[in-house]
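# Per-entry structural report
These are the residues of each chain, in order.
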Amino acid sequence: MHSVAVARPLEIERHDDAAGPRLVLRGELDIATAPRLQEAVDAALAAGPQMLVVDLRELAFLDSSGLRQFIVLAGRAEQEGFRLALVRPAPPALAVFQITRAEENLPFVEEPPSS
Amino acid sequence: MELARDVNAPGLARAAVFEQLLTAGVDGELGQTAMLLVSEVVSNAVRHSQGPADAAIAMEATITAGGLRVAVTDAGEGFTPRPRDPEQPGAGYGLYLLERSASSWGVESDGGTTVWFELDLGRSIPSRAAGSGRG
């Protein structure tokens, strides 16, 4: 039986689209990998873009430490005046957003906005 | 199993329980909920333990016909579970997730602190349709 024997790390791929940076996340987001996402977000926002896209479709796992980051990021978007779009994840990573009902208050989209 | 009290502990704990669930033929939504709760309970022990930094975290996961039971013990002196604080965005979601998704859970202090939860087999992630969600 094939199974996941070790925790999968987080991969962050950055694309600089015309509309702004887009971060594609793969792997697992938890207290071990959350600081790396924070760094990537800070770097992506350093130039003051009008939009930030975070694509969660290939994220295999996310817990409340990741949820916390997206809640804080949504507040930051409001304060700093950039548009945030979170591309809705698949069920394993969507669970934490649904159970906490944070899904209803975060700017989810089905596809990355076209640039 | 014993886990070093560092940020890698939740991932290692999830992988171990995932293996156990696979062996028991459990996957799907129950497996997803289990991964989430294991991650929350172990992260909680990593972050909030007041024990010595080199004290390990002990996790015991058992699967019976009734469901999954996970108990995580650290050397800390315990804490009082508090509900989510609306003043702190995103804080306290770990316990909130236990409250919402576990069949039962609790905290016991006896030298160390044990946070445990049980998840019924066949129980799954509550859907948004439950309660007064969007129609």
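All figures in this text were calculated on a predicted structure; none of them were measured in a lab.

About the criteria used
Residues numbered from 1 in each chain as written. Chains lettered and ligands numbered in written order. Predicted model: local features only at pLDDT ≥ 70, side-chain atom pairs only at ≥ 80, totals over all residues. Heavy atoms only, no water. pLDDT = per-residue confidence, 0-100. Contact = heavy atoms within 4.5 Å. Pairing = 2+ DSSP bridges. Helix = DSSP H or I, 4+ residues; strand = E, 2+ residues; numbered from the N terminus. Polar contact = N/O pair within 3.5 Å; in protein donor to acceptor, adjacent residues only side chain to side chain. Core = buried A, V, L, I, M, F, W, Y, C linked by side-chain atoms within 4.5 Å. Buried < 20%, exposed > 50% of the residue type's maximum accessible area, 1.4 Å probe, protein only. Axes fitted to C-alpha atoms, helices over the stretch in contact; angles between N-to-C directions. Phe/Tyr/Trp six-rings, centres within 6.5 Å; stacked < 30°, edge-to-face > 60°.

## Notes on the confidence of the model for chain B
Residues and elements named next belong to chain B.
- Chain-level pLDDT for chain B is 80 on average; 78% of the residues reach the 70-or-more range.
- Contacts of residues 123-135 to residues separated by more than four positions or lying in other chains number 23 contacts, the stretch itself having pLDDT below 50.
- Listed scores for the predicted complex are pTM 0.85 and ipTM 0.88.

## Focus: the pairing of strand E4 (residues 104-110) of chain B
Residue and element names in this part refer to chain B.
- Bridge count between E4 and strand E5 (residues 112-120): seven bridges; the pairing is antiparallel. For Glu108, the partnering residue across the bridge sits in E5 and is Thr114.
- Between E4 and E5, which pair antiparallel and follow one another directly, the connecting turn spans one residue, one of which, Gly111, has a positive phi of 85°.

## Description of the environment of B:Trp116
Residue and element names in this part refer to chain B.
- Of note, Trp116 is situated in strand E5.
- Distance from Trp116 to Val41, taken between C-alpha atoms, is 7.9 Å for residues 75 residues apart in sequence.
- The contacts of Trp116, once residues within four sequence positions are left out, are Arg69, Val70, Ala71, Ser104, Trp105, Gly106, Val107 and Glu108.
- Side-chain polar atoms of Trp116 contact the side chain of Glu108, separated by 3.2 Å.

## Observations regarding the nonpolar core
- A:Leu52, A:Phe70, A:Phe97 and B:Phe117 are the most contacted members of the largest nonpolar core, which totals 65 residues.
- The element best represented in this core is helix H2 (residues 28-48) of chain B, accounting for 10 residues.
- Non-local contacts of A:Phe97, meaning those with residues more than four positions away in its chain, are made with A:Leu56, A:Leu62, A:Leu67, A:Phe70, A:Pro89, A:Ala102, A:Glu103, A:Leu106 and A:Phe108.
- Ranked by size, the runner-up nonpolar core spans five residues in total, among them A:Met51, A:Val53, A:Val87 and A:Val109.

## Brief notes about the sheet that holds strand E2 (residues 20-29) of chain A
Residue and element names in this part refer to chain A.
- One open sheet accounts for five strands, arranged E1-E2-E3-E4-E5; its pairing is mixed. Where the open sheet ends on each side, the last strands, each with one partner, are strand E1 (11-17) and strand E5 (108-109).
- Of the pairings in the sheet, the one linking E2 to strand E3 (residues 51-62) comprises seven bridges and is parallel in character. From the neighbouring strand, Arg26 faces E3, where its bridge partner is Glu58.
- The strands touched by helix H2 (residues 64-80) within the sheet are E2, E3 and strand E4 (83-87), with E3 carrying the most contacts at an inclination of about 170°.

## As for the environment of B:Gly111
- Looking at the element boundaries, B:Gly111 is found in the loop between E4 and E5.
- For the pair B:Gly111 and B:Glu2, spaced 109 residues apart in sequence, the C-alpha separation works out to 17 Å.

## With respect to the side chain of A:Thr100
- One can find A:Thr100 in the loop between helix H3 (91-99) and E5.
- Among the residues examined, A:Thr100 registers a relative accessible area of 4% and is labelled buried.
- At 2.7 Å, the side chain of A:Thr100 forms a polar contact with the backbone oxygen of A:Val96.
- Residues contacting A:Thr100, with those up to four places away along its chain left out, are A:Leu67, B:Tyr93, B:Tyr96 and B:Leu97.

## Quick look at the packing of aromatic side chains
All names here are of chain A.
- The full count for this structure, using the stated rule, is three aromatic pairs over all chains.
- With a centroid separation of 6.1 Å and 50° between ring planes, the pair formed by Phe70 and Phe97 is classed as tilted. Taken together, the residues Phe70 in helix H2 and Phe97 in helix H3 connect sequence positions 27 residues apart. Comparing Phe70 with Phe97 shows no difference in burial state: the two are buried.
- Ring centres of Phe97 and Phe108 lie 5.0 Å apart, and the angle between their planes is 80°; on these two criteria the pair is classed as edge-to-face. Here Phe97, found in helix H3, pairs with Phe108, found in strand E5; they are 11 residues apart in sequence, far enough to count as distant.
- Overall, the relative accessible area of 0% leaves Phe97 in the buried class.
- One aromatic cluster is present, built from ring pairs that chain together Phe70, Phe97 and Phe108.

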